[in-house]
Amino acid sequence: MSILILSAETGRGHVSVMRALAEQFEESGYTDCICIPDFYESMLPSNKILSDFYNYLLASSTSLCEKYVQFTTLTRPDMNEVIYRLTRKHYVEILSSHPIEAVISTATAINYGLIRTLAEEGLADKIPFYIVVTDPYDPIAPGFDVPGATKYFCANDTVRRVLADSGIDERRVAVSGYPVSGRFCQEGEEVNRPEVYAKLGLNPDRQVVLLNSGSKGDISTINLLNQFLSSDIDANLIMLCGTNKSLFRLARLHAKRSSRTNLQILPFYESMDELLSISDVYITKAGANSFYEALSSGVPLLINATEGYLYQERGIAGLLHDIEADRLLVEHIEDFTGALKELLTDEGRLYFKKHLQRLDVHNGAPTIVNTILADLQSR
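Chains are numbered independently. Their residues run from 1 in the order of the written sequence. In view of the model being predicted, local features appear only for residues whose pLDDT reaches at least 70, and side-chain atom pairs are presented and counted only at 80 or more, with totals across whole chains, interfaces and linings using the full set of residues. With hydrogens and water stripped out, all remaining heavy atoms of the structure feed into the side-chain values.

Visitor: Mind showing me how you'd approach unusual backbone geometry here?
Guide: A negative phi angle characterises most non-glycine residues, just as the trans form characterises most peptide bonds. Cis peptide bonds are those with omega within 30 degrees of zero, and the linkage from Asp 138 to Pro 139 qualifies with 10°. Where helices and strands are cited, they refer to DSSP runs of H or I of at least four residues and of E of at least two residues respectively, numbered from the N terminus. Here Pro 139 shows up in the loop between strand 4 (129-132) and strand 5 (151-154). The backbone of Arg 76 shows a phi angle near 45°, a positive value even though the residue is not glycine. Locating Arg 76 in the fold gives a position in the loop between helix 4 (62-75) and helix 5 (81-96). For Asn 262, which is not glycine, the phi dihedral falls at a positive 60°. Residue exposure (1.4 Å probe, protein chains only): buried if accessible area is under 20% of the type maximum, exposed if over 50%, otherwise partly exposed. Under the relative-accessibility criterion, Asn 262 is labelled buried at 16%.

Here you go:
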């Protein structure tokens, strides 16, 4: 019997959570997980096109990407009858192709179809279905809020209330914490810092600033690079350009034209835990995965909101305001250098630790996995 974990390749957070859960299942002694990261895209050619379009918007226009999610919130294509009829055979096929013990979803657009197919095939009582909500703010992306799953796991009370307001039975909602790979947890195995410095060609006597443009490489991040290059901040800089080759080439050109040393412009980088382990400040968009990986690593971070927010990320402003950590949010490009300088000081790091500890951050993967395994054992 297998546990099926289904996801989608829109952005990167859904798949990262899927992998964190699979890793945790293996650590817990359950080695028969089947992970399908592109399940949503594999069902229809149009799904693949829409997913690629979303990822293109992530790289090119935050405001248009937000409009895209707003549109899906209003129209709910995941609950469209025609789309369900076109995709139903894929749900039936995946449920019958393996001896399935449970199904877990870390995606949005597949949940309605799975819940409905399980019910219509008489499998709802035989195969439990768990939804792991990968959005930790209010609002959440549409698709997590579909009634009928066995249990819903979410990062915090804010999302629990959002689900309850959407009609989800609160008895089925568990506040688990946000699931990240154990590699990012502070109690995990330490990385050889001198080795990483040497591999990247960085000055070990300088602080390290890690600038992340997101997995798809938001082109607007070039503006933050230029702000850094024109500042008097004496620190190493690592810039991650994701899979955006145009951003990578442009960033390298700007770096080459500057008189700066100790710069590393990198494409998509798998070992984020390695980079975070040597970083003094991490600059990232408001994406849940990056946010919680940084918090789990204990690295002070600045949230880059200079181009606005995605629909499902706008709630981070309220979250930081509630814990009186507004200084960690950069909404105007002209405030970036000053905010970075402040966070590189001892006082800035203390500010970060003092306020962020109010979030009670812990890795949700063990709670989710232990809950599911206990549930299965009791059946």
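Visitor: Explain the side chain of Asn 244 to me, please; I cannot follow it from the model alone.
Guide: In this structure, Asn 244 sits in the loop between strand 8 (236-240) and helix 10 (245-257). Residues adjacent in sequence count toward polar contacts only when both atoms are side-chain atoms; beyond that, a polar contact is any pair of N or O atoms within 3.5 Å, and within protein one must be able to donate a hydrogen and the other to accept it. A distance of 2.7 Å separates a polar side-chain atom of Asn 244 from the backbone oxygen of Gly 217. Whether two residues are in contact is decided by their heavy atoms, any of which lying within 4.5 Å being enough. In contact with Asn 244, other than residues within four places in its own chain, are Ala 59, Lys 216, Gly 217 and Ile 219.

Visitor: Whenever I open this one, helix 9 (residues 221-229) confuses me. Can you help?
Guide: Given 3.6 residues per helical turn, the α-helix brings residues three or four places apart onto the same face. Along helix 9, the residues classified as buried are Thr 221, Ile 222, Leu 224, Leu 225, Phe 228 and Leu 229. One face of helix 9 carries all of its buried residues, which in axial projection span an arc of 155°. Note: the arc covers the axis-to-C-beta directions of the helix.

Visitor: What exactly am I supposed to notice about the pattern of salt bridges here?
Guide: If charged atoms from side chains of opposite charge come close, those side chains can pair. One side-chain nitrogen of Lys or Arg within 4 Å of one carboxyl oxygen of Asp or Glu is enough to make a salt bridge. Counted by the stated rule, this structure contains 22 salt bridges. Across the pair Glu 66 and Arg 314 runs a salt bridge, and its minimum N-O distance is 2.5 Å. Within this pair, whereas Glu 66 is found in helix 4, its partner Arg 314 is found in the loop between strand 11 (301-304) and helix 13 (316-322), the two being separated by 248 residues in sequence. Under the relative-accessibility criterion, Glu 66 is labelled buried at 16%. Residue Arg 314 is classed as partly exposed on the basis of its relative accessible area of 32%. Asp 78 is the partner of Arg 76 in a salt bridge, and the nearest nitrogen-oxygen pair spans 3.0 Å. Taken as a pair, Arg 76 and Asp 78 share a single burial class, namely buried.

Visitor: Even after reading the chapter, I still don't get the environment of Ile 140, so can you show me in this structure?
Guide: Position of Ile 140 relative to the elements: it lies in the loop between strand 4 and strand 5. When the C-alpha atoms of Ile 140 and Met 79 are compared, they prove to be 16 Å apart, with 61 residues separating the residues in sequence. For Ile 140, the residues in contact, after removing those within four places along its chain, are Val 133, Asp 135, Val 159, Val 162, Leu 163, Tyr 311 and Gln 312.

Visitor: Quick question: what am I supposed to make of the packing of helix 5 against helix 6 (residues 111-120) here?
Guide: To describe two helices that pack against each other, one gives the angle between their axes and the distance between the axes. Following both chains from N to C, one finds helix 5 and helix 6 inclined at 65°, their axes separated by 9 Å at the closest point. In this view, helix 5 runs roughly perpendicular relative to helix 6, as classed from their interaxial angle. Note that helix 5 runs across helix 6; the crossing there is right-handed. Counting all contacts with helix 5, which are made through Glu 81, Tyr 84, Arg 85, Arg 88, Tyr 91, Val 92 and Leu 95, the residues of helix 6 involved are Gly 113, Leu 114, Arg 116, Thr 117, Leu 118 and Glu 120. Each residue gets one of three labels, nonpolar for Ala, Val, Leu, Ile, Met, Phe, Trp, Tyr, Cys and Pro, charged for Asp, Glu, Lys and Arg, and polar for the others, Gly among them. Its residues placed into classes, the contact of helix 5 with helix 6 shows six nonpolar, two polar and five charged. Every axis corresponds to a line fitted to the C-alpha atoms, with the helix fit spanning only the stretch in contact, and the corresponding angles, defined between N-to-C directions, vary from 0 to 180 degrees. Note that the term roughly parallel is reserved for angles under 35 degrees, roughly antiparallel for angles over 145, roughly perpendicular for angles of 65 to 115, and oblique for everything else. Left-handed is the label given to a crossing in which the near helix is rotated counterclockwise from the far helix by less than a right angle, and right-handed is the label when the rotation is clockwise.

Visitor: Looking at this structure, I do not really get the nonpolar core. What am I missing?
Guide: Counting 89 residues, the largest nonpolar core has Ile 3, Ile 238, Phe 291 and Leu 340 as its most contacted members. Setting aside residues up to four positions removed in sequence, Leu 340 forms contacts with Val 209, Phe 228, Ile 233, Val 281, Ile 283 and Leu 302. Residues Ile 100, Val 103, Tyr 112 and Tyr 152 belong to the second largest nonpolar core, which totals 35 residues. What makes a nonpolar core is a set of buried Ala, Val, Leu, Ile, Met, Phe, Trp, Tyr and Cys residues whose side-chain atoms join them at distances within 4.5 Å.

Visitor: Any chance you could explain the sheet that holds strand 7 (residues 208-212) here in plain terms?
Guide: Each strand in a sheet pairs with its neighbour through backbone hydrogen bonds, running either in the same direction (parallel) or in the opposite one (antiparallel). The six strands lie next to each other as 9-8-7-10-11-12, forming an open sheet whose pairing is parallel. Two strands close off the open sheet at either side, each with one partner strand: strand 9 (263-266) and strand 12 (329-330). At least two bridges found by DSSP between two strands are what make those strands a pair. As defined by bridge partners, strand 11 adjoins strand 12 across two bridges and the pair is classed as parallel. Across the sheet, the residue bridging to Ile 303 is Leu 329, located in strand 12. Packed on one face of the sheet, helix 10 meets strand 8 and strand 9 and runs near 165° to strand 9.

Visitor: Before we go on, may I ask you to explain the sheet that holds strand 5 in this structure?
Guide: Read from one edge of the open sheet, six strands run 2-1-3-4-5-6, paired in parallel fashion. Each edge of the sheet is formed by a strand with only one pairing partner; in this case those strands are strand 2 (33-36) and strand 6 (173-175). Strand-to-strand twist across the sheet, computed as the mean angle between neighbouring axes with direction ignored, equals 20°. The sheet contact formed by strand 3 (residues 100-105) and strand 4 spans three bridges and is parallel. When the bridges of strand 4 are listed, Ile 104 appears paired with Tyr 130. Helix 6 rests against strand 1 (2-6), strand 3 and strand 4 of the sheet, and its axis sits at about 170° to strand 4.

Visitor: In this structure, what is going on with the packing of aromatic side chains? I would like to understand it.
Guide: Centre distance and the angle of the planes are the two values used to describe a pair of aromatic rings. Working definition: rings of Phe, Tyr and Trp (its six-membered ring) pair if their centres are within 6.5 Å, and the pair is stacked with planes under 30 degrees apart, edge-to-face with planes over 60 apart, and tilted otherwise. Evaluation of the coordinates by the stated rule reveals nine aromatic pairs. Between Phe 39 and Tyr 91, the aromatic rings sit 5.9 Å apart at their centres with planes inclined by 50°, giving tilted as the arrangement. You can see Phe 39 sitting in helix 2 (residues 39-43) and its partner Tyr 91 sitting in helix 5, a full 52 residues away along the chain. Exposure remark for Phe 39: the relative accessible area of 4% places this residue in the buried category. Taken together through their ring pairs, the aromatic side chains of Tyr 137, Tyr 178, Phe 291 and Tyr 292 make up a single cluster. Here, over-ring charges are defined by two tests on the NZ atom of lysine or the CZ atom of arginine: distance to the ring centre within 6 Å, and angle to the ring normal within 35 degrees. Between the NZ or CZ atom of Arg 260 and the centre of the ring of Phe 228, over which it lies, the distance is 4.7 Å. Here Arg 327 stacks its cationic end above the ring of Tyr 351, 3.8 Å away from the centre of that ring.

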